[in-house]
Amino acid sequence: MKPREIKRGIYWVGAIDWDRRLFDSLIPLPDGTSYNSYLIKGSEKTALIDTVDPTMEQVLTNHLNELKVKGIDYVVAHHAEQDHSGSIPWVLEKYPKAKVVCTPRCKGMLIDLLLIPEDRIITVEDKETISLGDRTLEFIHAPWVHWPETMLTYLKEDKILFTCDFFGSHLATTDLYMTDEGQVYEAAKRYYAEIMMPFRTNIQKNLEKVKTYKIDIIAPSHGLMYDKPEFIIKAYHSWAFGEPKNIVVLPYVSMHNSTRGMVEHFVGALAQRGVTVKQFDLTVTDLGKLAMSLVDAATVVIGTPTVLAGPHPNAVYATFLANALRPNLKFASIIGSYGWGGKTVEQLVGMLPNLKVELLEPILCKGYPKEADFKALDNLADAIAQKHKEHGFA
Ligand code: FEO
């Protein structure tokens, strides 16, 4: 892959990671990812916007060699996470006059994480500018998308907004711009759910900030660029500001089919009442799909057997994640089975402090569900359908 010219003197010099399947040793990457780095040549100075994951440092080297880049004046570090900052030490070594440009908070993090010498770093305030000669970089502080130190860069004359993780998607592709809207929407929503959703109120503030700029191109540091920026801004707006929908997310695990029997009955009961259900068997599910489903859902119901006097570890994991991702849920409940006792409900409820949900009466049955248990599940389905209707969740 060669460098790609976006506009005269502006190049994509990133790396495509086709085969990466896990991020942060946690997040599944079904479509790989990319680390987008951009080179901007001004009439007087040259800037590099973000770098690449250190595992792909050689790819960035090849691009810069290919473009015969003799000097870099500024390395803009939007974000200290290593998939973008990890090759900065190498760039500083190769280009001894280069200075890193970042927020004051990012400076400390780059020193801590990458041992970058303090005298190689310049900090910039919100809306501060740096001239490259005929081009101007304006820095926009955007804290908590998704770390506290993050910023964006607006290239004024070309109306390009470089956004690092904001508006990003984990997609390995040779395309520069979006061509398949469905594919990109899904990848961007997955990314939003996994990375941005816990910071929804900050995302809202930063979206408002971005809307004040005239933007021709949004250039994130993962996935595709957007030459129709309204597509991704509108999508983010709906995810960050939207009301929940008439959806129940049902992550569950079953050991001997008792919980599964409850889940199957309950899903049918909800569907009969016009409620959409997204059901996930936690032994096989893609956690990204589960996270994505939480973006729009009004209710989560966790299905679990009782094991070792508490919830199944897979249900604990899913509950921990749901709590950490802070989706805009309004209701929660628990269904499942037990053999002789335990503290399944108390333990799971105690794991949801971040969610401002109303807890609907959990249903735990002894052994395999019986007539009365199925009736109780029907009543829970009635309650959920009614609550969704009362709140106007369409
Ligand atoms: Fe793509 Fe938060 O790093």
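It should be emphasised that the depicted structure is a prediction, and the values quoted were computed from it without experimental measurement. Position numbers for residues start from 1 in each chain and track the written sequence from start to end. Per-residue local features are limited, in this predicted model, to residues with pLDDT of at least 70; the limit for side-chain atom pairs, both in listing and counting, is 80 or more; totals at the level of whole chains, interfaces and linings are taken over all residues. Side-chain numbers come from the whole structure's heavy atoms, not from hydrogens or water.

Q: Teacher, can you tell me more about the nonpolar core here?
A: In globular proteins that are soluble, nonpolar side chains generally tend to be buried together. What makes a nonpolar core is a set of buried Ala, Val, Leu, Ile, Met, Phe, Trp, Tyr and Cys residues whose side-chain atoms join them at distances within 4.5 Å. Relative accessibility decides the category of a residue: with a 1.4 Å probe and only protein chains considered, values under 20% of the type maximum give buried, values over 50% give exposed, and everything between is partly exposed. Core analysis: the biggest nonpolar cluster contains 62 residues, and F166, F167, Y192, I203 and Y236 have the highest contact counts within it. In terms of residue count, the dominant contributor to this core is helix α5 (residues 181–196) (8 residues). Each domain's extent is set by a domain assignment, obtained either automatically or from a database. A domain-level breakdown of this core finds at least three residues from each of domain 1 (4–241) and domain 2 (245–387). Those residues in contact with F167, other than ones at most four positions away along the chain, are L207, V210, I218, P220, Y226, I232, I233 and Y236. Counting 30 residues, the second largest nonpolar core, distinct from the first, contains L67, A80, V91 and I121. We count a stretch as a helix when DSSP gives it H or I for four or more residues in a row; a strand needs E for two or more, and each element gets its number in order from the N terminus. Any two residues whose heavy atoms approach within 4.5 Å are treated as being in contact.

Q: Looking at this structure, I do not really get the pairing of strand β1 (residues 4–7). What am I missing?
A: A regular strand carries its side chains on alternate faces of the sheet. As defined by bridge partners, β1 adjoins strand β2 (residues 10–12) across 3 bridges and the pair is classed as antiparallel. Residue pairing in the sheet places R4 in a bridge with W12 of β2. Pairs of strands are assigned from DSSP output, requiring at least two bridges between the strands. If you look at the hairpin formed by β1 and β2, you'll find 2 residues sitting between the two strands, and G9 has a positive phi there, around 80°.

Q: Please explain the environment of G268 as it appears in this structure.
A: Topologically, G268 is positioned in helix α8 (residues 258–272). We classify G268 as partly exposed; its relative accessible area is 34%.

Q: Explanation requested: α8 in the structure shown.
A: The periodicity of an α-helix, 3.6 residues per turn, causes residues three or four positions apart to be oriented the same way. Between its first and last C-alpha, α8 extends 22 Å over 15 residues, near the 21 Å set by a 1.5 Å rise per residue. Residues of α8 that are buried: S258, T259, G261, M262, V263, F266, V267, A269 and L270. As for α8, its buried residues are in contact with β17 (245–252), β18 (276–281), β19 (297–307), β21 (331–338), β23 (363–366) and α12 (371–390). Following α8 by one or two positions, G274 adopts a phi angle in the positive range, close to 85°. By this rule the span expected of a helix is its residue count minus one, scaled by 1.5 Å.

Q: Help me understand the environment of F166, please; the structure alone is not making it clear to me.
A: By secondary structure assignment, the location of F166 is in the loop between β15 (160–164) and α5. Residues F166 and P369, spaced 203 residues apart in sequence, show a C-alpha to C-alpha distance of 46 Å. Beyond its immediate chain neighbours, meaning those up to four positions away, F166 contacts V145, L152, M196, I203, N206, L207, V210, P220 and Y236.

Q: Please explain the domain arrangement of the protein as it appears in this structure.
A: Interfaces are often sized by the accessible area lost when the parts come together. When cut into domains, the protein gives domain 1 (4–241) and domain 2 (245–387). Summarising the inter-unit geometry, the C-alpha centres of domain 1 and domain 2 are found 38 Å apart. With 13 residues of domain 1 in contact, the opposing surface of domain 2 contributes 15 residues. Any carboxyl oxygen of Asp or Glu within 4 Å of a side-chain nitrogen of Lys or Arg constitutes a salt bridge here. Measuring nitrogen to oxygen at the nearest pair gives 2.7 Å for the salt bridge that ties R190 to D286. In protein, a polar contact means a hydrogen-donor-capable atom and an acceptor-capable atom, both N or O and within 3.5 Å, with residues adjacent in sequence counting only if both atoms are side-chain atoms; elsewhere, any N or O pair within 3.5 Å suffices. Our enumeration of links across domain 1 and domain 2 arrives at 4 residue pairs in polar contact (both at pLDDT 80 or more). With 6 residues, α5 is the single largest residue contributor to the side of domain 1 that touches domain 2. By the convention adopted, Pro, Cys, Tyr, Trp, Phe, Met, Ile, Leu, Val and Ala count as nonpolar, Lys, Arg, Asp and Glu as charged, and the other residues, Gly among them, as polar. For the side of domain 1 that touches domain 2, the per-class residue count stands at 8 nonpolar, no polar and 5 charged.

Q: When you look at the sheet that holds strand β9 (residues 74–76) in this model, what are you seeing that I'm missing?
A: The strand order across the open sheet built from 7 strands is β1-β2-β7-β8-β9-β10-β11, with neighbouring strands paired in mixed fashion. Each edge of the open sheet is held by one strand with a lone partner, namely β1 and β11 (121–123). On average, each strand axis in the sheet is inclined to that of its neighbour by 25°, with strand direction left out of account. Both strand β10 (residues 99–102) and β11 contribute to a ladder of 3 bridges, which runs parallel. By the bridge assignment for β11, V100 is matched with I121. The axes used here are C-alpha line fits, helices contributing only the stretch in contact, and every angle between their N-to-C directions lies in the interval 0 to 180 degrees.

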